[in-house]
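# Geometric and topological summary
Below are the chains, spelled out letter by letter.
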Amino acid sequence: MMIVNFSVISTRLIEYEWGSLLIALGIGLVKIIGLILAYLLVKGLGNRILSQTFTNYQSKKNVSPGRAKTLESLTKNVFGYALLFILIVTVLQVFNYDVTALIAGAGIIGLAVGFGAQGLVSDVVTGFFILLEKQIDVGDYITTGEFSGICESVGLRQTKIRGFDGTLHFVPNREITSMSNHSRGNMRALIDIGISYDDDIDQATKVLQEACDKAAANNHQIIDGPNVIGVQQLGSSDVVLRIIAQTENMAQWSVERELRKSLKEALEENGIEIPFPHQVYLEKKEA
Amino acid sequence: MMIVNFSVISTRLIEYEWGSLLIALGIGLVKIIGLILAYLLVKGLGNRILSQTFTNYQSKKNVSPGRAKTLESLTKNVFGYALLFILIVTVLQVFNYDVTALIAGAGIIGLAVGFGAQGLVSDVVTGFFILLEKQIDVGDYITTGEFSGICESVGLRQTKIRGFDGTLHFVPNREITSMSNHSRGNMRALIDIGISYDDDIDQATKVLQEACDKAAANNHQIIDGPNVIGVQQLGSSDVVLRIIAQTENMAQWSVERELRKSLKEALEENGIEIPFPHQVYLEKKEA
Amino acid sequence: MMIVNFSVISTRLIEYEWGSLLIALGIGLVKIIGLILAYLLVKGLGNRILSQTFTNYQSKKNVSPGRAKTLESLTKNVFGYALLFILIVTVLQVFNYDVTALIAGAGIIGLAVGFGAQGLVSDVVTGFFILLEKQIDVGDYITTGEFSGICESVGLRQTKIRGFDGTLHFVPNREITSMSNHSRGNMRALIDIGISYDDDIDQATKVLQEACDKAAANNHQIIDGPNVIGVQQLGSSDVVLRIIAQTENMAQWSVERELRKSLKEALEENGIEIPFPHQVYLEKKEA
Amino acid sequence: MMIVNFSVISTRLIEYEWGSLLIALGIGLVKIIGLILAYLLVKGLGNRILSQTFTNYQSKKNVSPGRAKTLESLTKNVFGYALLFILIVTVLQVFNYDVTALIAGAGIIGLAVGFGAQGLVSDVVTGFFILLEKQIDVGDYITTGEFSGICESVGLRQTKIRGFDGTLHFVPNREITSMSNHSRGNMRALIDIGISYDDDIDQATKVLQEACDKAAANNHQIIDGPNVIGVQQLGSSDVVLRIIAQTENMAQWSVERELRKSLKEALEENGIEIPFPHQVYLEKKEA
Amino acid sequence: MMIVNFSVISTRLIEYEWGSLLIALGIGLVKIIGLILAYLLVKGLGNRILSQTFTNYQSKKNVSPGRAKTLESLTKNVFGYALLFILIVTVLQVFNYDVTALIAGAGIIGLAVGFGAQGLVSDVVTGFFILLEKQIDVGDYITTGEFSGICESVGLRQTKIRGFDGTLHFVPNREITSMSNHSRGNMRALIDIGISYDDDIDQATKVLQEACDKAAANNHQIIDGPNVIGVQQLGSSDVVLRIIAQTENMAQWSVERELRKSLKEALEENGIEIPFPHQVYLEKKEA
Amino acid sequence: MMIVNFSVISTRLIEYEWGSLLIALGIGLVKIIGLILAYLLVKGLGNRILSQTFTNYQSKKNVSPGRAKTLESLTKNVFGYALLFILIVTVLQVFNYDVTALIAGAGIIGLAVGFGAQGLVSDVVTGFFILLEKQIDVGDYITTGEFSGICESVGLRQTKIRGFDGTLHFVPNREITSMSNHSRGNMRALIDIGISYDDDIDQATKVLQEACDKAAANNHQIIDGPNVIGVQQLGSSDVVLRIIAQTENMAQWSVERELRKSLKEALEENGIEIPFPHQVYLEKKEA
Amino acid sequence: MMIVNFSVISTRLIEYEWGSLLIALGIGLVKIIGLILAYLLVKGLGNRILSQTFTNYQSKKNVSPGRAKTLESLTKNVFGYALLFILIVTVLQVFNYDVTALIAGAGIIGLAVGFGAQGLVSDVVTGFFILLEKQIDVGDYITTGEFSGICESVGLRQTKIRGFDGTLHFVPNREITSMSNHSRGNMRALIDIGISYDDDIDQATKVLQEACDKAAANNHQIIDGPNVIGVQQLGSSDVVLRIIAQTENMAQWSVERELRKSLKEALEENGIEIPFPHQVYLEKKEA
């Protein structure tokens, strides 16, 4: 007889399942409540610690409130999402849904996107440290890779640099590995000037040094020097003398331009030649 | 006796399986309905939130509706497919088909294709941010990598740049890491002009500055300057003076061309030489 | 007594195994039939949707039937193989063969080959998009990487480019990241011509412009210009004037050649010199 | 009492284990036989399909039997080893040896070697497609990467190229990504020849074209042209005219050499100068 | 009757769960206490060993306390966090929460961030070894990659280099693979000076060597030499003699400058020519 | 009463464990013996097959016994270690030690080292094929990457190349991707010689060809040619003729040197000029 | 009644747990003792084998004791740590702590650090082989990548090279892929000297060879030659003759310097000219 014996089934339904199910449900509820409490506790505590940390950081490192705000907000967001993810997964486990499928699915999608978005994460990590360690301030004159100019903004994802020709360069932070900041202290002005092999080096040095001293006296942007430091090169047509000065930041170019003019005029007045390229000719009749 | 005792089997068939099977089916159904309800709820909620977000974004950042539409549609698609994948996997689990095989199979194929299509995902992620942050507008004059020209379109996968010689460059977005936008503000016109070592620098500067002032008066595209900023170089045959101006965007080239003509003519009128390359000859008879 | 009690065994054989085995077989059969039905349903449905999609695509984007056919066939193949793989694995699972071994084996081989064949997959993915988005048509003059020439064929795996010297370049599609298509609109003809520093710029411009206008009148391949746009450079021996024109696609070179001849002759007729390199000599007796 | 009660043990030995063990063994045997049968069936079927495929391929694509043989043998080998690996693993599973250890061990070794041998697999995959698609024939003049010469052999792992200086280059197939085949059609002969700025362009063109026509009449290797196509460049000392011809494959160099001689002599006979570099001298007394 | 029989349930509640639960809890508590004790023990022991190690290291390698402190603090931090992570995971396991979900979640996030933050870890590892092995001291003149200058600080994440022009370079430690330290011993001063082909090499050598000896006597920064080591090159216009000296660190440039002046003057006094570029002229009348 | 009832325990000790333990041990022993037998069988068989294969290979490919020995020994070693690893893991599994820990540990260490030692494995794989396919013999003149010279030894890990200046280059085999062997056949001697534009090309060709024929008659190292193949270039000051010859391997340089001398002398004797660089001078008085 | 029945619990506590727990503990203890014994045995044996191996290696390969000591110590350390890791994991397993958590945790941290420290492992592996195969000895003159100089030390992590200018280069071993050792045998001295086109090649060769022979007689550092090997180049102004010699290691530069002086003087004495650059002038009056 293949007829199903429903009374047996109903008996079993009554006897077995519901008690332990209720208990399981009860335990589940307790677990969930425990989890949520733990979640709220950890989140509140974590946020308080983070707030405290960044307040300290701001006052200690003398950072602008805006910058500290950006860093705090990013840190709290990452912390919050990580916690939420763990909560969801744990709650689902309590209901015995096999979360491996969910995680595996999320993992595959995540990995696939991750490969592509790798650059994005790298941008944010690097950006975080640029903001944290104040390597770049808005208004600094910086060079990174092939781009040079005044920094217009530093963000989590990218840094904007205004080139001197007016172009706006968008540089993703991950590309800013090695970086040169030209706005962190005095700069050097350097001039190489050639005199004739026939002229006396000592006299030329004296003439140039006098012109340098006069320039230094008239220009408050010059901090140290300029000094003639000696013969830098025995060139093919001239003896090259090097002059070096310390100037205020961003004043190096105008100081160099001014010095070039003064030095050229000083040499001229003292009859010292800045020689054109020389060549010796040997004539030979065609055989 | 190896004859199978069918009565025993049928008895067992009747007694054991069907009750718990029915219950399992019932629980399964309930679970599936719950899952689908959850799916619909999450999807509806997610889509509403996304719509709201992009409406805000559009009004706040002053973005064209078309661009906002593209971003919204992409975000909703990704969200929808991820949700659907999770639903299917979870439903299959309810029926106790071991989904690991399915996921593993999908994983292997996915990984294999993923390696190859990595570039594609990377294109879309970068494209998303280019659209979101308005780094490039259609019509901008941009340089990225070795390509320069007017941007003709910005898509999720690639950006089209029309070179000045008429060539159409197709650049996948992932190649647009560092990017220079030449259409974001005034541009600089820069001219280096050489005068003779015999000419007086002060006089030449005066002549050039006068020509500059006249040019600035006649050309409304010049915003600031042009100014003679000083001696940029003591060249091998000439003293190089640098002139700099601020012009309207894209007017830098025509301003430079005009200035070159005016400055050359101004020097000529005042008898100041733009010198050809010089060389000193020393003759020597062959030994 | 170590003698095996066969009667006990046979009793157990009779009593226990066969009933549940039969049931398991029955359930297995039902499952397989269900799986195959599902497989056929999904495959048929999928293929119909794909066919429909590509028919729409072809009519909407104005694509040649051959190209649409290639794309449709590739998509259906990938879809079919993925489905088949899932079917086989799932059927094997029904018989309780542990498919992890099979999948792991396939996975290891797949990964090993995948590393090597990575380029192949990448070729096909890129090729798919080149066909889909019509970046290149057969007959276009394109440049990609270091190769330039007329495209002879676009395939899923590689693109063939016929260089202008007759060489046939085989470029795998994955190497076609950034690509320049020179056959998408009018091209620019550009000529830089140098005049003497002694000549009058205005007069030279007038002479050249007249020659340009005459050339434009006689050549229907010139669409816009040619125009003398100004002084491009103050060279070491000459003043460089730039002339620009818009021409029909692929006519830029012949227009440039023709213009060079006309402009040279126009300058000659008007006594304006195209100067050779200049140098100033200063003689000095050897000391 | 710690004395072991052997009678109890022996009783348990007799009663429990052997029956189900025998059954397990029986089922195991049946499974193995089934597996081997399936293995033989799949292998035979697979090999037959592969043989058929390559016979079709050979007749359809007009491939030499040797090349088709190489491809068929490679395909059958890979298919055979993959099948054997699956068989072994599955048979071991039947005996309940936990194959994960074996697979994990094989996997670790495989991955370690795989990283190193990645290049090898890549070579074979690329080699397979080079053979399949006939990109290179033995005797072709090809360029790949920095190597140029006549192809001496195409193998699964590497291609041998005989450079024109006699060197034998061994190029692993994976290095052959982009490849240029110079033996697939007619080649171009190209000559740039400079005439004086004082000479008449029209007359020079006429003289050169006549010499070209004479050369074409005498040389059957010239297929089209040679034609003087116009002024390619206004050089610093000469006006450069370009001559282009179509020649038989590999005849481009001898045609170019012949043309150079004829054109030089033609210009000479008609008193048209091929100018040496020019320079204008301006003398100036040293101040 | 579908009414649930609560009395049965309550009976089961009373009879079964609580005893073993209590035991489980007890065992759990014992385990946790054991774990925490083990954790404290291992942590204390580990920290003591680390402190001891770094005290030894500092005294033995003569390292500044600040540097040793940085290394010790980093090592203890990493050790502490690793231990804490293991404790948390193990404690959770005791309560039977399935930690795989937690670890998998952490793993996916970790991997995703890890890809992006890979550079960060690499920086710290390299920084650790730079500090440990004293490759760079603050104040050293170093060159790494394209950056050269005086090291201003060495940190765990980056090294700051002050370029000679005043720029501050930020170099992430991972970029410091190969590094050149110019402050580790005496340096070489090297001068190549050309004399005329007509002058006697032996006499010139004698004159130069005498000048060198005089310079060495007057300059205490010269440690060895300078010596004329012979004919370095038969140049196109001069015979090049090489002079080499050993100087104190960082004195090489001033010594070189001083030597250039002395040697030039010594040759002049002895009538030995430093020749300008030579060229032989062959005049030919135009045919 | 919390006192433990030992009699109950001892009773349970006696009754339950030992029987099944003994059986398990017995089965374990049988399994281990079976495994070791299988191991010995497979190893013996494998080694025999490998020996046979390499003996065949040696006689067929005409390889030196030393080289064949190296390959055989490497292959047997790898085979042996892989087998041993599998044996150990399987034996441990029989004793129910969970080998996953062991494998996981080995895997992590292996992976960590593997990343670092990746180059090592790659060296050996490439070295294996270089030995197998006789691409390089000791004494060959080869070029690989930036290194050129005579091969001194080919090993599994690296190849030693003696540069022509006496330097010994150590090149890891993995760096030998593309490789050029200059000792595999006759080499080409190539000389480009320039004659004056005023000289007759036909006569110069005749003179040069006669000198070539005389050289070929006197030098048995010349296998084919030398032949004057025509005008290679219309240079700025000379007409360049190209001469090509086939020589014995490694004789190309001495043949080229000899030919240069003979050809220069032949032209001299026949009054044909090898011209110096030419330049046309146009004098102009300074305005 | 929800009151817990403690007597039932206590009864169960007494009856069930402790017996099997004791047995489990006993078995555990036995297992641990066995494991530790196995550990000590394997470690002792392994260390003895390693010591023996390195003693053999040292005596056979003639390696300095210090170098052998470094290698032995590294090998024993790696072996020891690997063994310890396996011991700890296995002991923990005996106590049924689920070690997967521990391993997974260690794995994630390990992988994260491993990515960053990859370079470190690579350094040590390469360093091991450099020490083992004696590619570099302290005092050798080597070139690797862009660094050249005398090797000051070879370590496991990095190699220190003292550049000839006094700079100390720190090169991580992983950067030493291809390496050139200039201290492994005699070196070549090579001089190219140009004579006039008007001079007789045979006579010049005779004069130079005589000077060479005289130099060889006076300098014991010359091992073979120097010999004039012929006409290396027909230069634009001179006929270049090449002289080659074999010298003792590191003597190549002083021999070259000495030869340059002798050869120049020999040519001078015999009236053979070392020509300056030549140029032919064609004068033309300006039209």
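Residues numbered from 1 in each chain as written. Chains lettered and ligands numbered in written order. Predicted model: local features only at pLDDT ≥ 70, side-chain atom pairs only at ≥ 80, totals over all residues. Heavy atoms only, no water.

An unreviewed UniProt entry annotates chain A as Mechanosensitive ion channel protein of Jeotgalibacillus soli. Looking at chain A in UniProt, the text filed under Subcellular location (unreviewed entry) is "Cell membrane". Under Function (unreviewed entry), UniProt gives the following word-for-word description of chain A: "May play a role in resistance to osmotic downshock." (UniProt positions renumbered as here; feature names shortened; annotations may be inferred.)

Moving on: the overall build of chain A. Of regular secondary structure, chain A possesses five helices and nine strands. Beginning at the N terminus, the succession of helices and strands in chain A can be written as α-α-α-β-β-β-β-β-β-α-β-β-α-β. The burial tally for chain A puts 44% of its 287 residues in the buried class. Sequence-distant contacts in chain A: of pairs separated by 6 or more residues, those separated by 24 or more amount to 62%. Summing over all exposed atoms, chain A offers an accessible surface of approximately 14100 Å²; the carbon and sulfur share of this is 60%. (Helix = DSSP H or I, 4+ residues; strand = E, 2+ residues; numbered from the N terminus. Buried < 20%, exposed > 50% of the residue type's maximum accessible area, 1.4 Å probe, protein only. Contact = heavy atoms within 4.5 Å. Areas by Shrake-Rupley, 256 points an atom, 1.4 Å probe, with all protein chains shown as cover.)

Partitioning chain A into structural domains gives domain 1 (20-97), domain 2 (122-184) and domain 3 (187-270). Once you take the C-alpha centre of each, domain 1 of chain A and domain 3 of chain A turn out to be 64 Å apart. (Domains from an automatic or database assignment.)

Attention now goes to the sheet that holds strand S6 (residues 187-195) of chain G. Sheet architecture is open: three strands sit in the order S6-S8-S7 (chain G), paired in antiparallel fashion. The sheet is open, and its two edges are formed by S6 and strand S7 (222-234) of chain G, each paired on a single side. For this sheet the average axis-to-axis angle between neighbouring strands, irrespective of direction, equals 20°. Relative to strand S8 (residues 239-247) of chain G, S6(G) runs antiparallel, the two sharing nine bridges. Of the residues in S8(G), the one forming a bridge with Arg188(G) is Gln246(G). In this fold helix H5 (residues 252-269) of chain F packs onto S7 and S8 of chain G, with an angle of close to 50° to the strand it touches most, S7(G). Across the face of the sheet, helix H5 (residues 252-269) of chain G comes into contact with S6, S7 and S8 of chain G while running at roughly 25° to S6(G). (Pairing = 2+ DSSP bridges. Axes fitted to C-alpha atoms, helices over the stretch in contact; angles between N-to-C directions.)

The backbone phi angle of Met250(D) is positive, close to 75°, even though this residue is not glycine. Within the fold, Met250(D) resides in the loop between strand S8 (239-247) and helix H5 (252-269).

A few words now on the sheet that holds strand S8 (residues 239-247) of chain B. All names here are of chain B. Spatially, S6-S8-S7 is the arrangement adopted by the three strands of the open sheet, whose pairing is antiparallel. Either end of the sheet is taken by a strand with one partner, and the two such strands are strand S6 (187-195) and strand S7 (222-234). Shown here is a sheet whose adjacent strand axes are inclined to one another by a mean of 20°, direction ignored. In the packing of helix H5 (residues 252-269) onto the sheet, contacts are made with S6, S7 and S8, and the angle to S6 comes to roughly 25°.

Right, let's talk about the packing of aromatic side chains for a bit. All names here are of chain E. For the structure on display, the rule yields 42 aromatic pairs over all chains. Look at Phe128 and Phe129: their rings are 5.8 Å apart centre to centre, the planes differ by 80°, and that puts the pair in the edge-to-face class. Take Phe129: its relative accessible area is 16%, and that puts it in the buried class. (Phe/Tyr/Trp six-rings, centres within 6.5 Å; stacked < 30°, edge-to-face > 60°.)

Moving on to the environment of Trp253(F). Residue and element names in this part refer to chain F. Among the structural elements, Trp253 can be located in helix H5. As a C-alpha pair, Trp253 and Arg188 span 65 residues in sequence and 9.3 Å in three-dimensional space. Those residues in contact with Trp253 that sit more than four places away from it in its chain are Tyr141 and Phe164.

According to the stated counting rule, one finds 77 salt bridges over all chains in the structure shown. For the salt bridge of Asp123(A) with Arg157(A), the shortest nitrogen-to-oxygen distance reads 3.7 Å. Remark: Arg157(A) occurs in the loop between strand S2 (147-154) and strand S3 (158-162) and Asp123(A) occurs in helix H3 (residues 99-133); sequence separation between them is 34 residues. Taken individually, Asp123(A) and Arg157(A) each receive the classification buried, so the pair is uniform in this respect. Across the pair Asp137(C) and Arg184(C) runs a salt bridge, and its minimum N-O distance is 3.4 Å. Here Arg184(C) lies in the loop between strand S5 (179-181) and strand S6 (187-195) and Asp137(C) lies in the loop between helix H3 (99-133) and strand S1 (141-144), a separation of 47 residues in the sequence. Judged by relative accessible area, Asp137(C) falls into the partly exposed class, the value being 30%. Overlapping salt bridges, with partners in common, bring together Asp123(A), Arg157(A) and Arg174(A) in one network. (Salt bridge = Lys/Arg side-chain N within 4 Å of Asp/Glu carboxyl O.)

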